[in-house]
Amino acid sequence: IMIIYKKYYFDAAHFMTNFKKGHKYTKVHGHSYEMIIKISGNLDKTNNWVLNYDEIDKIVNPLLKKVDHKTLNDIKGLEKPTSENLAKWFWKRIRKKIVNIESIEIVRPRIGGCIYFGD
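Draft legend 1. How the structure looks around the overall build of the protein chain. In terms of regular secondary structure, the protein chain is built from two helices and four strands. Written out in order from the N terminus, the α and β elements of the protein chain read β-β-α-α-β-β. Overall size of the protein chain, expressed as C-alpha extent along the three principal axes, is 60 × 25 × 20 Å. For the protein chain, with 119 residues in total, the buried portion stands at 38%. The contacts of the protein chain with a sequence gap of at least 6 include a subset with a gap of at least 24, amounting to 61%.

Draft legend 2. Seen up close, the pattern of salt bridges. Applying the stated criterion to the full structure yields three salt bridges. Between Lys-6 and Asp-57 there is a salt bridge, with its nearest N and O atoms 2.8 Å apart. With a gap of 51 residues between them, Lys-6 in strand β1 (residues 2-14) and Asp-57 in helix α1 (residues 53-67) connect regions that are remote in the sequence. Its salt-bridge partner being Lys-58, residue Glu-55 comes within 3.2 Å of it at the nearest N-O pair. Here Lys-58 and Glu-55 lie together in helix α1, a separation of three residues that amounts to about one turn.

Draft legend 3. Looking closely at the packing of aromatic side chains. This model, assessed by the stated rule, comprises five aromatic pairs. Ring geometry for Trp-89 versus Phe-90: centroids 5.1 Å apart, planes at 90°, classification edge-to-face. Here Trp-89 and Phe-90 have matching classes, each one buried. Measuring from ring centre to ring centre gives 5.5 Å for Trp-91 and Tyr-116, while their planes differ by 80°; the resulting arrangement is edge-to-face. Taken together, the residues Trp-91 in helix α2 (residues 83-94) and Tyr-116 in strand β4 (residues 112-116) connect sequence positions 25 residues apart. Here the aromatic residues Phe-10, Tyr-33, Trp-89 and Phe-90 are joined through ring pairs into a cluster of three or more.

Draft legend 4. Main features of the pairing of strand β2 (residues 29-41). Relative to β2, β1 runs antiparallel, the two being bridged by 13 bridges. Of the residues in β2, the one forming a bridge with Met-2 is Gly-41. Two elements, β2 and strand β3 (residues 101-108), share six bridges in a ladder whose sense is antiparallel. Its bridge partner lying in β3, Ile-37 is registered against Ile-104.

Calculation notes
Counting restarts for each chain: residues are numbered from 1 in the order of the written sequence. A pLDDT threshold of at least 70 governs which residues receive local features in this predicted model, and a stricter bar of 80 or more applies before side-chain atom pairs are shown or counted, although totals over entire chains, interfaces and linings include all residues. Derived side-chain values reflect all non-hydrogen atoms in the structure, with water molecules and hydrogen atoms excluded from consideration. Helix and strand labels come from DSSP, where a helix needs a run of H or I of at least four residues and a strand needs a run of E of at least two; each type is numbered from the N terminus. We call a residue buried when its accessible area falls under 20% of the maximum for its residue type, exposed when it is over 50%, and partly exposed in between, using a 1.4 Å probe and counting protein chains only. Two residues qualify as a contact provided that any one of their heavy atoms is within 4.5 Å of a heavy atom in the partner residue. Salt bridges are defined by distance alone: a side-chain nitrogen of Lys or Arg within 4 Å of a carboxyl oxygen of Asp or Glu. Pairs were defined over the aromatic rings of Phe, Tyr and Trp, the Trp ring being its six-membered one, requiring ring centres within 6.5 Å. Orientation was assigned from the angle between planes: stacked under 30 degrees, edge-to-face over 60, tilted for the rest. Each pair of strands is called paired provided DSSP finds at least two bridges between the two strands.

Keep in mind these values describe shape, not function.
So, in structure tokens, the structure goes:
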């Protein structure tokens, strides 16, 4: 079994709704995000790969268009736009088409992030 990964980047704004009024997180602010998707599987005997990266792009790029340069709170399912919820949001949509997905990592450079392994 082999694990491959692919990185994607997007920028988005958000605000947090569970903080007291006036807290800095309640104000709209933005982040640059990095997302790392890991996929496991056996090597395809014809091409010697787990999955063609172009096939991953066909699934992920339309999702990125929904979040890139958007306010995440306005997107159904991301009303509470934490890194954790972002990872779950992507997982739910990608898992329908890539069943051997291992994890989704959401990175906020210089801050931190999370890794989601599914339900």
